[in-house]
Amino acid sequence: LPKVSVPNCSEAAILPTVKLMVVLSLIASPFGDISAGAADTNPGTEARPFKTIQKAADIVNAGDTVYIKAATYPRPSGRSRVVEMQRGGSSGAPVTLQAFGDGEVILDNEGGGDWVVYVNARYRQVDSVVLRGLTARGGVSGGLFIRNSSYTLVDHCKSIDNGGIGIYIDWG
């Protein structure tokens, strides 16, 4: 089982072993500067990190955890959300987006998009998703949108400075 860690401005911590750990090392300033070498064509390792959280969300499978280092993550250019989850896990093996634990992880929609985090796959369910330790900021419609999910855990997340609803949960 692979074990990957990601540096930020400080030394990377030792992480517990998981089925797959996709780790983002995106050092972003409030102006959207991205760490050198980060690219969504990379494998998401310490040496070759992804540029966006969305890339990790697009490739995760049941049981995978995405550890996100402390930083402000802006909405990718041309998108209306910082991250849209269309892949979920299964009972006992959720897909997890989790703060690494080295400081605040801010997902910043910069006031230009609708929702900051969007868990909804339109015409099919996205089940077993865990959002842990994230701050959703700057959504015009709101912070977290969760729909068509039989199990989504929102744990120690904050929704701040959003224009509409903080956390929206609906079925159907």
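The structure we're discussing is the one just above.
These numbers were taken from a predicted model, which means no experiment stands behind them. (Residues numbered from 1 in each chain as written. Predicted model: local features only at pLDDT ≥ 70, side-chain atom pairs only at ≥ 80, totals over all residues. Heavy atoms only, no water.)

Draft legend 1. The arrangement of the overall build of the protein in detail. What the protein contains, in helices and strands, is one helix and 13 strands. Element order for the protein, N to C, with α for helix and β for strand: β-α-β-β-β-β-β-β-β-β-β-β-β-β. Sorting the 172 residues of the protein into buried and exposed places 48% on the buried side. Taking all contacts inside the protein whose residues are at least 6 apart in sequence as the whole, residues at least 24 apart take part in 64%. (Helix = DSSP H or I, 4+ residues; strand = E, 2+ residues; numbered from the N terminus. Buried < 20%, exposed > 50% of the residue type's maximum accessible area, 1.4 Å probe, protein only. Contact = heavy atoms within 4.5 Å.)

Draft legend 2. The pattern of salt bridges, seen in detail. Counted under the stated rule, the structure contains seven salt bridges. Taking the shortest distance from any N to any O, the salt bridge between Asp108 and Arg137 comes out at 2.8 Å. In this pair, Asp108 is assigned in strand 6 (residues 105-108) and Arg137 in strand 9 (residues 134-137), connecting sequence segments 29 residues apart. On the accessibility criterion, Arg137 (23% relative accessible area) is partly exposed. Residue Arg132 is joined to Asp155 by a salt bridge in which the shortest nitrogen-to-oxygen separation is 2.8 Å. Highlighted residues: Arg132 in strand 8 (residues 129-132) and Asp155 in strand 11 (residues 152-155), separated in sequence by 23 residues. (Salt bridge = Lys/Arg side-chain N within 4 Å of Asp/Glu carboxyl O.)

Draft legend 3. Region of interest: the packing of aromatic side chains. Enumeration over the complete set of coordinates arrives at five aromatic pairs. On the basis of an interplanar angle of 85° and a centroid distance of 6.5 Å, the ring pair of Tyr67 and Phe100 is categorised as edge-to-face. Remark: Phe100 occurs in the loop between strand 5 (95-99) and strand 6 and Tyr67 occurs in strand 2 (residues 65-68); sequence separation between them is 33 residues. Assigned by exposure class, Tyr67 and Phe100 land together as buried. Among the aromatic side chains, those forming a connected cluster through ring pairs are Trp115, Tyr118, Phe145 and Tyr168. Across the ring face of Tyr118, the terminal group of Arg81 is positioned such that the distance to the ring centre comes to 3.6 Å. (Phe/Tyr/Trp six-rings, centres within 6.5 Å; stacked < 30°, edge-to-face > 60°. Lys NZ or Arg CZ within 6 Å of the ring centre and 35° of its normal.)

Draft legend 4. Quick look at the side chain of Gln98. One can find Gln98 in strand 5. Dropping the residues within four chain positions of it, Gln98 is found in contact with Thr65, Val66, Tyr67, Ile68, Arg132 and Leu134.

Draft legend 5. Expanded view of the sheet that holds strand 6. One open sheet holds the four strands; their spatial order is 3-6-9-12, and the pairing between them is parallel. The open sheet has two free edges, formed respectively by strand 3 (71-74) and strand 12 (158-160), since each of these has just one partner strand. Across the sheet, the mean angle from the axis of one strand to that of its neighbour is 20°, orientation sign disregarded. Pairing between strand 6 and strand 9: four bridges, direction parallel. By the bridge assignment for strand 9, Asp108 is matched with Arg137. (Pairing = 2+ DSSP bridges. Axes fitted to C-alpha atoms, helices over the stretch in contact; angles between N-to-C directions.)

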